[in-house]
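Coordinates in review
Each chain, written out:
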Amino acid sequence: MGTVVSIELADDLPESRLRELVGETCAWLHEVDARFSTYRDDSEVCRFRRGELPLADCSDDLRLVLDRCADLWRDTGGYFDAYAGGKLDPSGYVKGWSVEVASERLAAAGSVRHYIGAGGDIRMRGSGPGGRPWRVGVRHPWEADKLAWVLNVTDGAVATSGTYERGAHVWNPVSGAPATGLRSVTVVGPDLAVADAWATAALAMGEPGLAWLAGLTDKGYESAAVTEDGRAFTSSGLPVAD
């Protein structure tokens, strides 16, 4: 996935069981990478987009991801587009989805208090160490050693999309040019796959994405954004730490 994943389990379980759960989570994420990597010629997604693998023969996971990407394309007015670069690349959905599924699997296996972070995508379940909410720092979009916000989250997801680390890697599929106007977008809500995709879509929209983000509160998602000229915006329900 081109990023580092961190996993923290806060459950009162034997160390051997905790290590086993971490191993199972890593195995799932490696499976996702092998299937969806756009850098591996033998991955399922590369074989599909070259026409070597018919849709009917694709895995249930790939068909699910394609369906979800199509839904998100409609929901965002085309700003979330798995074909924005010209050929299929569902990475903007897959990373958040894979971590969301990893969290669901951990919960089903008995870990009800955990944290999984993959780049700017984080899924927390239950409370953190000491029974307190998990604290999530949102990186300052210009100064890497500082934070723009610190969030308190219990049972939720935080996804951040920005241009400050990888440059203009998000495209505006409507204009066909790199996304401009917003430097950083963070979305907080119950589902990481959705939060990740919506953060990417808002970044692609540029400043018009600020009004679009404000409309997500009715769906249970809060947001924070920083414009290229340094203005900061947050929704009223953003769980900022005291």
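Residues numbered from 1 in each chain as written. Predicted model: local features only at pLDDT ≥ 70, side-chain atom pairs only at ≥ 80, totals over all residues. Heavy atoms only, no water.

Another aspect to go through is the overall build of the protein chain. Along its length, the protein chain carries 6 helices and 11 strands. The C-alpha radius of gyration of the protein chain comes to 18 Å, within 12% of the 18 Å expected for a compact globule of 242 residues. Across its three principal axes, the protein chain shows a C-alpha extent of roughly 50 × 45 × 35 Å. Across the 242 residues of the protein chain, 47% fall into the buried class. By sequence separation, contacts in the protein chain at least 24 residues apart represent 58% of the contacts at least 6 residues apart. Roughly 11,600 Å² of accessible area belongs to the protein chain as shown, and the carbon and sulfur atoms make up 50% of that amount. Charge separation in the protein chain, taken as the distance between the mean sites of 24 positive and 35 negative side-chain charges, equals 2 Å. (Helix = DSSP H or I, 4+ residues; strand = E, 2+ residues; numbered from the N terminus. Rg over C-alpha atoms; globule rule 2.2 N^0.38 Å. Buried < 20%, exposed > 50% of the residue type's maximum accessible area, 1.4 Å probe, protein only. Contact = heavy atoms within 4.5 Å. Areas by Shrake-Rupley, 256 points an atom, 1.4 Å probe, with all protein chains shown as cover. Lys, Arg positive; Asp, Glu negative; His and termini not counted. Charge placed at Lys NZ, Arg CZ, Asp CG, Glu CD.)

Mean pLDDT over the protein chain works out to 94, with 98% of the residues at or above the 70 mark. When mean pLDDT is taken per element in the protein chain, strand S10 (residues 222–227) scores highest with 98 and strand S7 (residues 171–172) scores lowest with 83. (pLDDT = per-residue confidence, 0-100.)

This part is about the nonpolar core. Grouped together as the largest cluster of nonpolar side chains are 52 residues, with contacts concentrated most on Tyr-93, Trp-97 and Val-185. Broken down by element, the residue count for this core peaks at 11 residues, all from helix H5 (residues 192–205). Residue contacts for Tyr-93: discarding those within four places in its chain leaves Val-65, Arg-68, Cys-69, Leu-72, Phe-80 and Ala-193. Met-124, Trp-134, Val-136 and Val-188 belong to the second-largest nonpolar core, a separate cluster that totals 15 residues. (Core = buried A, V, L, I, M, F, W, Y, C linked by side-chain atoms within 4.5 Å.)

Oppositely charged side chains can form a pair if their charged atoms are brought close together. This structure, assessed with the given rule, holds 16 salt bridges. For Asp-60, the salt bridge identified is with Arg-63, shortest N-O distance 2.5 Å. Residue Asp-60 and its partner Arg-63 are both found in helix H3 (residues 60–75); the two are separated by 3 residues, about one turn of the helix. Among the charged side chains, a salt-bridge network with shared partners connects Glu-31, Arg-35, Glu-44 and Asp-61. (Salt bridge = Lys/Arg side-chain N within 4 Å of Asp/Glu carboxyl O.)

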